[in-house]
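# Chain and residue survey
Here's the letter readout for the chains.
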2 protein chains.
Amino acid sequence: MWEDGLCALINQVPYQGETCIERALTMKGSSEHGETSKAAPLGRGGVSKGVSVLDLILRFIAIIGTLASAIAMGTTNETLPFFTQFIRFKAQYSDLPTLTFFVVANSIVCAYLILSLPLSIVHIIRSRAKYSRLLLIFLDAAMLALVTAGASAAAAIVYLAHKGNVRANWLAICQQFDSFCERISGSLIGSFGAMVMLILLILLSAIALARR
Amino acid sequence: MWEDGLCALINQVPYQGETCIERALTMKGSSEHGETSKAAPLGRGGVSKGVSVLDLILRFIAIIGTLASAIAMGTTNETLPFFTQFIRFKAQYSDLPTLTFFVVANSIVCAYLILSLPLSIVHIIRSRAKYSRLLLIFLDAAMLALVTAGASAAAAIVYLAHKGNVRANWLAICQQFDSFCERISGSLIGSFGAMVMLILLILLSAIALARR
């Protein structure tokens, strides 16, 4: 039974024994209702485990968001169907340094989130871990700043590409590069999604620390 | 003696009594060295109190940073000494929507930080508070995202104002509006400083939660 294996693992950690015994007692009473005993976790250990599982799920969503953003932005280019003798009108993300920063920032955050997955899995098993959670909160906050910086800098440039600015005499380029603009606007979504996920991840880690 | 008043307040909170008694014992031994007994805090309570005091100090620094940024950006305008019959060349922050967002974001974060000061002071006295710390971590993370968004969006525009972009045919405006550009570049510093402070504030709250 996988629950037994989990209990054996948990029992290496002090103060978790009671939860396992409680779970075993409940399991005896309703052994055929595996779902109900999972749906109603018992006391602090169960809630902490739920928080840790949610942490893992949110990390996966954030990985997908940042990866999609980086790929969508990184593969964007558009060549206009008309060209003069000397110039071929072509737009790609590396023409604007801010968009390059966006791709780099999203890639770094994505790599960090993938590297943090093992630690998140360890937290499901050892829900009383303290220092590793502190480390994750700090790094999550730093990565939140990085992904927000990338996303909002890119958003400022995308806004400018759409609307232009009359006072600074910057013209909107989206009339010409239509599909380029759509693509770079769309690629922001994943990044802002990851931002929200990271805020929730910080909150979840804090809740797990408070409930130890 | 103010220490007694503080102890009386702390004693309303369970499990804090020992720390006060310990402090009283140390105070008796070195009643003339008030500084030393404050410099060497006793056990968990002392460290938590130190963390809470540091939290308050960092909040003050972040308030100064965001306030300075908002004011420096908000009061920027430059009128060029030459003008045509119809147009007077004038630059101010509200010409660029991104810079307006920067001012608004910094003002909101500054207001939030001022409103969070009473809670931070309560944490110095009641260092075992749990739910209020969780609330602060969540709001700090949200405000970190907001101030980072404002600062990096403004940085993207300031970069463009300095360097321009050849491919998008956006010209650098800093040749003309020299002092305007210097001012908006400088006003970013306070905002990025507040960003670092907020990351540290999240970490400090997490440490305080872990040490309860």
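Read on for an overview of the structure. Keep in mind that what you see is a predicted model, and the values were worked out from it rather than measured. (Residues numbered from 1 in each chain as written. Chains lettered and ligands numbered in written order. Predicted model: local features only at pLDDT ≥ 70, side-chain atom pairs only at ≥ 80, totals over all residues. Heavy atoms only, no water.)

## With respect to the overall build of chain A
Looking only at helices and strands, chain A has seven helices and two strands in total. Buried residues in chain A amount to 49% of all 212 residues. Considering only residue pairs separated by 6 or more positions, chain A has 75% of its internal contacts joining residues 24 or more positions apart. When the accessible surface of chain A is summed, it comes to about 10400 Å², and 68% of that surface belongs to carbon and sulfur atoms. (Helix = DSSP H or I, 4+ residues; strand = E, 2+ residues; numbered from the N terminus. Buried < 20%, exposed > 50% of the residue type's maximum accessible area, 1.4 Å probe, protein only. Contact = heavy atoms within 4.5 Å. Areas by Shrake-Rupley, 256 points an atom, 1.4 Å probe, with all protein chains shown as cover.)

## Structural notes on the relation of the copies chain A and chain B
Under the fitted operation, chain A is carried onto chain B by 0.0 Å of movement along the axis and a turn of 180°, and the coordinates agree to an RMSD of 0.0 Å. Within this description, the copies of the chain are treated as partners about a two-fold rotation axis. Across chain A, the rotation axis passes nearest the C-alpha of Ala 153 of chain A, at a separation of 2.1 Å. (Least-squares fit on C-alpha atoms with pLDDT ≥ 70 in both.)

## Describing the nonpolar core
Formed by 62 residues in total, the largest nonpolar core has its most connected members in Leu 144 of chain A together with Leu 144 of chain B. When contributions to this core are tallied by element, the ones reaching two or more residues are helix H4 (43-74), helix H5 (97-125), helix H6 (131-163) and helix H7 (178-211) of chain A together with helix H4 (43-74), helix H5 (97-125), helix H6 (131-163) and helix H7 (178-210) of chain B. Beyond its immediate stretch of four places on either side in the chain, Leu 144 of chain A contacts Met 195, Leu 198, Ile 199 and Ile 202 of chain A together with Ala 141, Leu 144 and Ala 145 of chain B. Judged by nonpolar contacts, the second largest core, of 48 residues, contains Leu 160 of chain A together with Phe 102, Cys 174 and Leu 188 of chain B. (Core = buried A, V, L, I, M, F, W, Y, C linked by side-chain atoms within 4.5 Å.)

## A word on the interface of chain A and chain B
Every contact between the two is made by 38 residues of chain A and, on the other side, 38 residues of chain B. Summing both sides of the interface, chain A and chain B together bury roughly 3400 Å²; the carbon and sulfur share of this comes to 73%. Along the contact surface separating chain A from chain B lie two salt bridges. In this structure, the salt-bridge partner of Asp 95 of chain B is Arg 167 of chain A, at a minimum N-O distance of 3.3 Å. Across the contact surface, chain A and chain B share nine residue pairs in polar contact (both at pLDDT 80 or more). Of all the elements in the fold, those that place two or more residues in the side of chain A that touches chain B are H5, H6 and H7 of chain A. When residues in the side of chain A that touches chain B are grouped by element, the largest group, 16 residues, is from H6 of chain A. When its residues are assigned to classes, the side of chain A that touches chain B shows 28 nonpolar, four polar and six charged. (Buried area = accessible area lost by both parts, 1.4 Å probe. Salt bridge = Lys/Arg side-chain N within 4 Å of Asp/Glu carboxyl O. Polar contact = N/O pair within 3.5 Å; in protein donor to acceptor, adjacent residues only side chain to side chain. Nonpolar A, V, L, I, M, F, W, Y, C, P; charged D, E, K, R; others polar.)

## As for H6 of chain B
The end-to-end C-alpha distance of H6 of chain B, which contains 33 residues, comes to 47 Å, matching closely the 48 Å that a straight helix rising 1.5 Å per residue would cover. A positive phi of about 70° marks Gly 164 of chain B, the residue just after H6 of chain B. (Expected span 1.5 Å × (residues − 1).)

## Here we look at the packing of aromatic side chains
Residues and elements named next belong to chain B. Under the counting rule described, the total for this entry stands at two aromatic pairs over all chains. Ring centres of Phe 177 and Phe 180 lie 6.4 Å apart, and the angle between their planes is 75°; this geometry places the pair in the edge-to-face category. Each member of the pair, Phe 177 together with Phe 180, is buried. (Phe/Tyr/Trp six-rings, centres within 6.5 Å; stacked < 30°, edge-to-face > 60°.)

## Regarding the pattern of salt bridges
Inspection of the entire model under this criterion finds six salt bridges over all chains. With a shortest N-O distance of 2.8 Å, Asp 55 of chain B and Arg 59 of chain B are connected by a salt bridge. Taken together, the residues Asp 55 of chain B and Arg 59 of chain B, both in helix H4 and four residues apart, mark about one turn of the helix. Judged by relative accessible area, Asp 55 of chain B falls into the buried class, the value being 4%. Looking at Arg 59 of chain B, the relative accessible area reads 0%, which means it is buried. Here the residues in one salt-bridge network are Asp 55, Arg 59 and Asp 140 of chain A, joined through shared partners.

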